[in-house]
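Letter by letter, the chains look like this.
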Amino acid sequence: MPLIDLANPSRFLALVGRVLPWLIAATVIAFVVGIALAVAAPDDYQQGATVKIMFVHVPAAWLGSFIWAVMSIAALGTLVWRHPLADVAAKTAAPIGAAFTFLCLFAGSMWGRPMWGTYWVWDARLTSVLVLFLMYLGLIALWNTVEDPSRAARAAAILTLIGALNLPIIKFSVDWWNTLHQPASVMRLGGPTIHPAILTPLLVMTLAFTLLFVTLHLAAMRNEILRRRVRTLRLLEAHGA
Amino acid sequence: MQLPAHAAFIIAAYLVTVLVVIALIAWVLADYRAQQRDLADLEARGHGRKSGSNLGSKA
């Protein structure tokens, strides 16, 4: 199927129906392997058993930023190419992104209390991720406030692209400012600084969470297309009555 | 078996993660059923699309 065909919502729905069972199976397998590796992973010499919190905190943090990046590409699709599925992709990704950003903040605070002695500190990394979470909530509120989908799409796309400025701030906050949060230890130029016994389960769990996002996102996009179809049919019904 | 130090924080992090993931899955499934129900109602009233009206219902 040529890529351009996916611009047709009906063809996109057919594709989702075909790939979703495979994605669900891949997600379940990745989680089974990831959780088994996480359980078997040794305690860290400094963090002790609390290093196991990293196996949910780091994937959630990755997804919080990754999903906003996906929404930013979709926002360009809405504003520049006017792709019919771009707004659907952005709108349905936002609640999932908000959920994972919340998980990142919650798991981080559960790690912070025993390791730092506090649930929260206003350092640049934590604050910029909190800003990301609030921006997700703002976008969801915007989509729910404006009834006309095309007007909501343009406003949300502009807000999404403005919000994308926060992504490099999140990434480099630990380099630009003196933060309590540790510097980058996985995605860095010199390679990961984590021992393979911890790094392997971390990467497998990150893959599992990413597959979960893709699965949920495609399913939510299908729901949104059906919702818009229902809305159109109801408008036609109202005009015909 | 002895629980590791700070077990409550580890359990809380995983418990909330599981709850959030279950909530996301339930939201997607419930929304799918609601949209299918609405489409079926519209089709029953003669307003459904004849072509592709049941697309996405196989997964």
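Remember, it's a predicted structure, so these values are computed and weren't measured experimentally. (Residues numbered from 1 in each chain as written. Chains lettered and ligands numbered in written order. Predicted model: local features only at pLDDT ≥ 70, side-chain atom pairs only at ≥ 80, totals over all residues.)

**Q** In this structure, what is going on with the overall build of chain B? I would like to understand it.
**A** Looking only at helices and strands, one finds one helix and zero strands in chain B. Taking all 59 residues of chain B together, 17% fall into the buried category. (Helix = DSSP H or I, 4+ residues; strand = E, 2+ residues; numbered from the N terminus. Buried ≥ 20, exposed ≤ 12 C-beta atoms within 10 Å, placed from the backbone.)

**Q** How should I be thinking about the overall build of chain A in this particular structure?
**A** Secondary structure summary: chain A contains seven helices and zero strands in total. Moving toward the C terminus, one meets the helices and strands of chain A in the order α-α-α-α-α-α-α. Overall, chain A is about 70 × 35 × 30 Å in size when its C-alpha atoms are taken along their principal axes. Across the 241 residues that make up chain A, the buried fraction comes to 39%. Of the contacts made within chain A by residues no fewer than 6 positions apart, 77% connect residues no fewer than 24 positions apart. (Contact = placed C-beta atoms within 7 Å.)

**Q** Would you mind going over the nonpolar core with me for this structure?
**A** Side chains that are nonpolar tend, in soluble globular proteins, to be buried together. In this structure, Ile53, Ala60, Ala90 and Ala107 of chain A are the most contacted members of the largest nonpolar core, which totals 68 residues. For this core, the secondary-structure elements that each account for two or more residues are helix H1 (9–40), helix H2 (54–81), helix H3 (86–116), helix H4 (124–145), helix H5 (149–163) and helix H7 (196–240) of chain A together with helix H1 (7–44) of chain B. Other than its neighbours up to four places away in sequence, Ala60 of chain A contacts Phe100, Leu103, Cys104, Ala107 and Phe209 of chain A. (Core = buried A, V, L, I, M, F, W, Y, C linked by C-beta atoms within 7 Å.)

**Q** Explain the interface of chain A and chain B to me, please; I cannot follow it from the model alone.
**A** A common measure of how large an interface is: the accessible area buried when the components associate. On the side of chain B, 27 residues touch chain A, which itself brings 35 residues to the contact. Taken together, the elements giving at least two residues each to the side of chain A that touches chain B come down to H1, H3 and H7 of chain A. When residues of the side of chain A that touches chain B are assigned to their parent elements, the largest contribution, 13 residues, is made by H7 of chain A. A breakdown of the residues in the side of chain A that touches chain B according to their chemical character gives 24 nonpolar, five polar and six charged. (Nonpolar A, V, L, I, M, F, W, Y, C, P; charged D, E, K, R; others polar.)

**Q** I tried to follow unusual backbone geometry on my own but got confused; where do I start?
**A** Most peptide bonds take the trans form, and the phi angle of most residues other than glycine is negative. Residue Arg82 of chain A is not a glycine yet carries a positive backbone phi of 50 degrees. Residue placement: Arg82 of chain A occurs in the loop between H2 and H3.

**Q** When you look at H3 of chain A in this model, what are you seeing that I'm missing?
**A** In an α-helix there are 3.6 residues to a turn, and that puts residues three or four apart on one side. All names here are of chain A. For H3, which comprises 31 residues, the first-to-last C-alpha distance of 42 Å matches the rise-based estimate of 45 Å (1.5 Å per residue) to within 8%. Considering bend angle alone, the principal kink of H3 is centred on Ala94 and spans about 30 degrees; proline Pro95 follows within four residues of it. Of all 31 residues making up H3, 25 are buried, and the element is well covered by its neighbours. Directly beyond the C-terminal end of H3, a positive phi value near 90 degrees is found at Gly117. (Expected span 1.5 Å × (residues − 1). Bend = angle between axes of the 7 residues up to and from the residue.)

**Q** So what exactly am I meant to see when it comes to H5 of chain A here?
**A** Between its first and last C-alpha atoms H5 of chain A spans 20 Å; for 15 residues at 1.5 Å apiece the expected length is 21 Å, and the two agree. Against H2, H3, H4 and helix H6 (166–176) of chain A lie the buried residues of H5 of chain A.

**Q** Quick question: what am I supposed to make of the environment of Ile35 of chain A here?
**A** Checked against the element boundaries, Ile35 of chain A lands in helix H1. Distance in space between the C-alpha atoms of Ile35 of chain A and Pro201 of chain A is 7.6 Å, their sequence separation being 166 residues.

**Q** Help me understand the confidence of the model for chain B, please; the structure alone is not making it clear to me.
**A** Caution is warranted with low-pLDDT regions, since their predicted coordinates should not be read in detail. All names here are of chain B. Averaged over every residue, the pLDDT of chain B is 82; residues scoring 70 or more account for 78%. Confidence drops under pLDDT 50 across residues 50–59; counting only partners more than four residues distant or on other chains, this segment forms 18 contacts. As a predicted assembly, this complex carries a pTM of 0.90 together with an ipTM value of 0.90. (pLDDT = per-residue confidence, 0-100.)

**Q** Just checking my understanding: could you explain the packing of H2 of chain A against H3 of chain A for this structure?
**A** Relative placement of two packed helices is described by the angle separating their axes and the distance separating the axes. All names here are of chain A. Following both chains from N to C, one finds H2 and H3 inclined at 160 degrees, their axes separated by 7 Å at the closest point. Accordingly, the angle class assigned to the pair H2 and H3 is roughly antiparallel. Crossing handedness for the pair H2 and H3: left-handed. (Axes fitted to C-alpha atoms, helices over the stretch in contact; angles between N-to-C directions. Parallel < 35°, antiparallel > 145°, perpendicular 65-115°, else oblique. Left-handed = near helix turned anticlockwise from the far one by under 90°.)

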